[in-house]
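The residues making up each chain are set out below.
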Amino acid sequence: MRLLSRWQNSAGERVRIALHLKAISFIYVPVSALEPGEYARLNPQGLLPALDIDGRIIAQSSAILDYLEGTYPQPSLLPADPVVRAEARAFAALIASERHSLSVQRVRRFLQSDMGVDDEKVATWVNHWLVLGLEALEETLRRRPIQWSFCFGTDPGWADLHLVPQLSAARRLGIDLSAYALLLLTEERCNELEAFQLARPEAQADFPRS
Ligand SMILES: N[C@@H](CCC(=O)N[C@@H](CS)C(=O)NCC(=O)O)C(=O)O
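Reading guide: rules and limits
- Residues numbered from 1 in each chain as written.
- Predicted model: local features only at pLDDT ≥ 70, side-chain atom pairs only at ≥ 80, totals over all residues.
- Heavy atoms only, no water.
- Disulfide = S-S within 2.5 Å.
- Buried < 20%, exposed > 50% of the residue type's maximum accessible area, 1.4 Å probe, protein only.
- 1 Å grid on protein atoms, 1.4 Å probe; cavity = no way out; pocket = protein on both sides within 12 Å on 5 of 7 lines; lining within 4 Å.
- Points joined across faces, edges and corners; volume = space filled by probe spheres on them.
- Helix = DSSP H or I, 4+ residues; strand = E, 2+ residues; numbered from the N terminus.
- Nonpolar A, V, L, I, M, F, W, Y, C, P; charged D, E, K, R; others polar.
- Near = heavy atom within 4 Å.
- Polar contact = N/O pair within 3.5 Å; in protein donor to acceptor, adjacent residues only side chain to side chain.
- Areas by Shrake-Rupley, 256 points an atom, 1.4 Å probe, with all protein chains shown as cover.
- Sits in = over half its atoms within 2 Å of the grid points.
- Domains from an automatic or database assignment.
- Salt bridge = Lys/Arg side-chain N within 4 Å of Asp/Glu carboxyl O.
- Core = buried A, V, L, I, M, F, W, Y, C linked by side-chain atoms within 4.5 Å.
- Contact = heavy atoms within 4.5 Å.

Draft legend 1. Molecular detail of the state of the cysteines. Taken as a whole and judged by the stated rule, the model has 0 disulfides. No disulfide involves Cys151; its sulfur sits 6.5 Å from the nearest other cysteine sulfur, which is in Cys190. Judged by relative accessible area, which is 0%, Cys151 ranks as buried. You can call Cys190 buried: its relative accessible area is 0%.

In structure tokens form, the structure reads like this:
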């Protein structure tokens, strides 16, 4: 199994965390190591990451995570209780479907280069969508009937592996996270774990060292 990704790839970081939490052996392939144009040939969607299973390519982190959860069920990344499981998926979906996709570099670049939007307005755009998301995520954690150590349980899972890369991305984009105490506390607990540390951008082979 090969994971095609890049050191700074928050959707890829979700998958890396899942692979490490499940202790699945995989080969990390930075796209910079491929021939020019090869990645586009492998993955017509062109976005990172992709999972290569004996030549079959799965695009989209959510599809990859579903595949891993179905194929390597233990340890499960999803809570056993159906309602809590749905809540964990909803938490992750807000990040992956609603927020990340509006703030990624290709969207920011398009706004700047093709739409002529100035840097300040692009920052307003990014801030608007990310802050809406962060507020909703914080409130969701606040309303949990049990204040678990991780988002939706005593072990880290589906929601946590979406949260941690999203918080890093928000920081890179200059968002002040100090109002989100529960998100930060959960992130801190996750970052103490090896699976999260191994998935960090700086732990990847293609992380720029100089
Ligand atoms: N919905 C996709 C998002 C993937 C995505 O946007 N990846 C970004 C990096 S985090 C990317 O490929 N950027 C390169 C580009 O936009 O060309 C997923 O979850 O896999």
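Now that the structure is up, let's keep going.
Draft legend 2. Representation of empty space enclosed by the protein. Under the counting rule described, the total for this entry stands at 1 cavity of 30 Å³ or more. Contributing to the lining of the largest cavity are Ile95, Arg99, Leu130, Gly133, Leu134, Leu137, Gln166 and Ala170. Going through the elements one at a time, helix H4 (82-103), helix H6 (119-142) and helix H7 (158-172) are the ones with two or more residues in the lining of the largest cavity. The residue makeup of the lining of the largest cavity, split by class, is 5 nonpolar, 2 polar and 1 charged.

Draft legend 3. Seen up close, the site of the ligand. Neighbouring residues of the ligand: Asn9, Ser10, Ala11, Arg14, Leu47, Leu48, Pro49, Gln60, Ser61, His100, Val104 and Arg106. The side chain of Arg14 places a nitrogen or oxygen atom 3.3 Å from an oxygen atom of the ligand. Contacts to the ligand include Leu48, whose backbone N or O atom sits 2.8 Å from an oxygen atom. For the ligand, whose free accessible area comes to 510 Å², the fraction covered by protein is 75%. Of all the cavities here, the one that holds the ligand is the largest pocket. Counting residues per element, the shell around the ligand draws most heavily on helix H1 (residues 10-21), at 3 residues. Of the residues assigned to the shell around the ligand, the class counts are 5 nonpolar, 5 polar and 2 charged. Looking at which domains feed residues into the shell around the ligand, each of domain 1 (2-75) and domain 2 (82-195) supplies at least three.

Draft legend 4. Geometry of the pattern of salt bridges. Across all of its chains, the model carries 8 salt bridges by this definition. Arg200 is paired through a salt bridge with Glu13; the nearest N and O atoms lie 3.5 Å apart. On the criterion of sequence distance, the pair formed by Arg200 in the segment after helix H9 (194-199) and Glu13 in helix H1 is long-range, its members being 187 residues apart. Judged on exposure class, the residue Arg200 and its partner Glu13 are both buried. Of the charged contacts, one joins Arg89 and Asp66 as a salt bridge, the two residues approaching to 3.0 Å between their closest N and O atoms. In this pair, Arg89 is assigned in helix H4 and Asp66 in helix H3 (residues 61-71), connecting sequence segments 23 residues apart. Overall, the relative accessible area of 34% leaves Arg89 in the partly exposed class.

Draft legend 5. A look at the environment of Gly174. Secondary-structure assignment places Gly174 in the loop between H7 and helix H8 (181-191). Counting along the chain gives 47 residues from Gly174 to Asn127, while the straight-line C-alpha distance between them is 8.5 Å.

Draft legend 6. Main features of the layout of surface pockets. Space inside the largest pocket adds up to approximately 770 Å³. If you go around the largest pocket, you meet 29 residues; those closest to its centre are Asn9, His100, Val104, Gln105 and Arg106. Going through the elements one at a time, H1, H3, H4, helix H5 (105-114) and H7 are the ones with two or more residues in the lining of the largest pocket. Roughly 300 Å³ of volume is contained in the second largest pocket. As for the second largest pocket, its lining consists of 17 residues, of which Ser76, Leu77, Asp155, Pro156 and Gly157 are closest to the centre. If you tally residues by element for the lining of the second largest pocket, the top one is H7, at 3 residues. Residue composition of the lining of the second largest pocket, by class: 11 nonpolar, 4 polar and 2 charged.

Draft legend 7. Structural view of the nonpolar core. Counting 26 residues, the largest nonpolar core has Val15, Leu19, Leu51 and Leu68 as its most contacted members. With 4 residues, the top contributor of residues to this core is H1. Counting contributing residues, this core receives three or more from each of domain 1 (2-75) and domain 2 (82-195). If we ignore the near neighbours within four places in the chain, the residues touching Val15 are Leu3, Pro49, Ser61, Ile64, Leu65 and Leu68. In terms of nonpolar packing, the next biggest core, distinct from the first, is built from 23 residues, Leu111, Leu134, Cys151 and Leu167 among them.

None of this, on its own, says anything about what the molecule does.
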